[in-house]
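Topology and contacts: notes
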Amino acid sequence: MTDAAELRRLTQELLAAHPPASTDGLDFLKARFDAGLAWVHYPEGLGGLGVPRTLQAVVDAELEAAGAPDNDPRRIGIGLGMAAPTILRYGTEEQKRRYLRPLWAGEEVWCQLFSEPGAGSDLAALGTRAVREGDEWVVNGQKVWTSSAHIARWAILIARTDPDVPKHRGITYFICDMTDPGVEVRPLRQITGEAEFNEVFLTDVRIPDSRRLGDVGDGWRVAQTTLNNERVAIGGMRLPREGGMIGPVAGTWRERPELRTHDLHQRLLKLWVEAEIARLTGERLRQQLVAGQPGPEGAGMKLAFARLNQEISGLEVELLGEEGLLYEDWTMRRPELVDFTGRDAGYRYLRSKGNSIEGGTSEVLLNIVAERVLGLPSEPRTDKDVAWKDLAR
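This is a predicted model, so every value here is computed, not measured. (Residues numbered from 1 in each chain as written. Predicted model: local features only at pLDDT ≥ 70, side-chain atom pairs only at ≥ 80, totals over all residues. Heavy atoms only, no water.)

**Quick look at the overall build of the chain**
The secondary structure content of the chain amounts to 11 helices and 8 strands. Overall, the C-alpha framework of the chain stretches about 70 × 55 × 45 Å when taken along its three principal axes. The burial tally for the chain puts 51% of its 393 residues in the buried class. When contacts within the chain are restricted to residue pairs at least 6 apart in sequence, long-range pairs at least 24 apart make up 71% of them. With an accessible surface of roughly 18600 Å², the chain has 53% of that area assigned to carbon and sulfur atoms. Treating the 49 positive side-chain charges of the chain as one cloud and the 59 negative ones as another, the clouds have centres 3 Å apart. (Helix = DSSP H or I, 4+ residues; strand = E, 2+ residues; numbered from the N terminus. Buried < 20%, exposed > 50% of the residue type's maximum accessible area, 1.4 Å probe, protein only. Contact = heavy atoms within 4.5 Å. Areas by Shrake-Rupley, 256 points an atom, 1.4 Å probe, with all protein chains shown as cover. Lys, Arg positive; Asp, Glu negative; His and termini not counted. Charge placed at Lys NZ, Arg CZ, Asp CG, Glu CD.)

Here you go:
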């Protein structure tokens, strides 16, 4: 049985065979995957060793001490946090072996083609169509708010394959090649001046049936795995004490005593405590994941993440006074990742406004918590048994 001591031995063997100082970064990451030290809880041959998730920290500590390269998880977060768990659960053996290694190593970036202009909060109302022609599906439609689409090679995509059944039952889940003919990516400029999001137009895009995940018409169930993991990835990331948004404002408070007031002090104390509670709750949630797939509790973490980010960034702007009204650069850029803590207060304030929309709106997540965590009665849904084609749009 593989234990912590055995994992340390395997890690040292990897480091001896592929010294970080003289090994290409991508080559090292591929060798780490092949050694089963990428995500140790995954099955053997797929980057893991089939051991408890908690043992990953043993490997990570050894590699960090040796100065080994990481896979830049913020850049490939959609692949790591959403695509990989879904492929692992619903993919064929061929799909797992094709996609997981380059995904984890950062060789191939992934994006998520879920939301549409008319199907955001009500995602199951999506209208992008996929029509089968032999061994291929022809896809037409539009997706929106797609992070990383401008750098992605692959996308996880849900499309309507049967308009004659209720909306949740006529959806199928696919893997889409973003380099295929008919895929057009356009930037969406945000309030920050940047365009980290995109809209994606799909015109007669042909997807082989071999890139379908799960059964035809079962895409909504498959998508729940993605969405549950997405909320954990956004709201439950591992942070040290004063990690995340609370760190910069606490640092400013300590370094700039001339800015302090009694009212700001009370508000900062309250938010500091809430941020620490959220951090510890995230640790507990990750421990629960050891026992199985993420559940609806991730919705609560994502709710807290959005509210705290917005309140903390608002407090920071107030604390800085006139300085808080400044913004470093309105240049139109298409960044590869979101950097909350490496930018100025103005950026944090503006960018955090999107936290209550992305990854599921706070209103939808409140419903999920109410119904699936607290067990409260569901809201009346008159369209539950109506064929999608008959819904008012």
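**Some words on unusual backbone geometry**
Non-glycine residue Trp145 carries a positive phi angle of around 60°. Relative to the assigned elements, Trp145 resides in the loop between β3 (136–143) and β4 (154–160). One non-glycine residue, Ser148, adopts positive backbone phi at about 65°. Secondary-structure assignment places Ser148 in the loop between β3 and β4. Residue Ser148 is classed as buried on the basis of its relative accessible area of 11%.

**Here's the deal with the environment of Ile171**
The topology assignment puts Ile171 in strand β5 (residues 171–177). Expressed as a C-alpha distance, the spacing of Ile171 and Ala223, which sit 52 residues apart in the sequence, is 9.5 Å.

**A word on the pattern of salt bridges**
Opposite charge on two side chains allows them to pair when their charged atoms are near. Considering all chains together, one arrives at 38 salt bridges under this definition. Glu108 is paired through a salt bridge with Arg98; the nearest N and O atoms lie 3.0 Å apart. With a gap of 10 residues between them, Glu108 in the loop between α5 (93–104) and β1 (110–113) and Arg98 in helix α5 connect regions that are remote in the sequence. Two residues, Asp209 and Arg132, come together in a salt bridge whose shortest N-O distance is 3.2 Å. Taken together, the residues span a long stretch of sequence, with Asp209 in the loop between β7 (197–208) and β8 (212–213) and Arg132 in strand β2 (residues 129–133) at a distance of 77 residues. The class of Asp209 is buried, set by a relative accessible area of 15%. Looking at Arg132, the relative accessible area reads 39%, which means it is partly exposed. Through salt bridges that share partners, Arg98, Glu108, Arg153 and Asp177 make up one connected network. (Salt bridge = Lys/Arg side-chain N within 4 Å of Asp/Glu carboxyl O.)

**Notes on a nonpolar patch on the surface**
A grouping of Val373, Leu374 and Leu376 is seen on the molecular surface, where their side chains present a nonpolar patch of about 280 Å² in accessible area. With respect to the helices and strands, Leu376 occurs in the segment after α11 (362–373). For Leu376, a relative accessible area of 45% translates into the label partly exposed. (Patch = residues over 30% accessible without salt bridge, like charges linked within 9 Å, V, L, I, M, F, W, Y side chains within 5 Å.)

**Observations regarding the packing of aromatic side chains**
Going through the model one piece at a time under the given rule, you end up with 9 aromatic pairs. Arranged with centres 5.9 Å apart and planes meeting at 85°, the rings of Phe114 and Tyr173 form a pair that is edge-to-face. One end of the pair, Phe114, is in the loop between β1 and β2; the other, Tyr173, is in strand β5, and 59 residues separate them in sequence. Per residue, the accessibility class of Phe114 equals that of Tyr173, and both read buried. Between the aromatic rings of Tyr327 and Trp330, the centroid separation amounts to 4.4 Å while the plane-to-plane angle is 50°, which identifies the pairing as tilted. Under the relative-accessibility criterion, Trp330 is labelled partly exposed at 47%. Over the ring of Phe201 we find Arg186; its NZ or CZ atom is 4.0 Å from the centre of that ring. (Phe/Tyr/Trp six-rings, centres within 6.5 Å; stacked < 30°, edge-to-face > 60°. Lys NZ or Arg CZ within 6 Å of the ring centre and 35° of its normal.)

**Thoughts on the nonpolar core**
Ranked by internal contacts, the top residues of the largest apolar core, which has 53 residues, are Trp39, Trp110 and Met178. For this core, the leading source of residues is helix α4 (residues 77–90), giving 7 residues. If we ignore the near neighbours within four places in the chain, the residues touching Met178 are Cys111, Leu113, Ala149, Ala152, Arg153, Trp154, Ala155, Val183, Val185 and Val200. Counting residues in hydrophobic clusters, the runner-up holds 17 residues, among them Leu264, Leu271, Ala278 and Ile312. (Core = buried A, V, L, I, M, F, W, Y, C linked by side-chain atoms within 4.5 Å.)

**Brief notes about the pairing of β5**
Of all 7 residues that make up β5, 7 are buried, and the element is covered over most of its length. Relative to β5, β4 runs antiparallel, the two being bridged by 7 bridges. For Ala159, the partnering residue across the bridge sits in β5 and is Thr172. Summarising the sheet, β5 and β8 pair through 2 bridges and their orientation is antiparallel. Bridged to Tyr173 within β8 is Leu213. (Pairing = 2+ DSSP bridges.)

**A word on the packing of α4 against α5**
The description of two helices packed together rests on the angle between their axes and the distance between the axes. One way to put it is that α4 packs onto α5 with a least axis distance of 10 Å and a crossing angle of 165°. In terms of axis orientation, α4 runs roughly antiparallel to α5. Both α4 and α5 take part in a crossing whose hand is left-handed. Taken together, the residues of α5 that come into contact with α4 (itself represented by Gly79, Leu80, Ala83, Ala84, Ile87, Leu88 and Tyr90) are Gln95, Lys96, Tyr99, Leu100, Leu103 and Trp104. The residue inventory of the contact of α4 with α5, partitioned by class, reads 10 nonpolar, 2 polar and 1 charged. (Axes fitted to C-alpha atoms, helices over the stretch in contact; angles between N-to-C directions. Parallel < 35°, antiparallel > 145°, perpendicular 65-115°, else oblique. Left-handed = near helix turned anticlockwise from the far one by under 90°. Nonpolar A, V, L, I, M, F, W, Y, C, P; charged D, E, K, R; others polar.)

**Some remarks on helix α3 (residues 56–65)**
Among all positions of α3, only Gln56, Val58, Val59 and Leu63 are buried. Down the axis, α3 shows its buried residues gathered within 165° of arc, on one side only. Turned more than 90 degrees from where α3 packs its buried face, Ala57, Glu64 and Ala65 sit exposed. Buried positions along α3 lie against α1 (4–17) and α2 (25–34). Backbone geometry just after α3 places Gly67 at a positive phi near 75°. (Arc of directions from axis to C-beta.)

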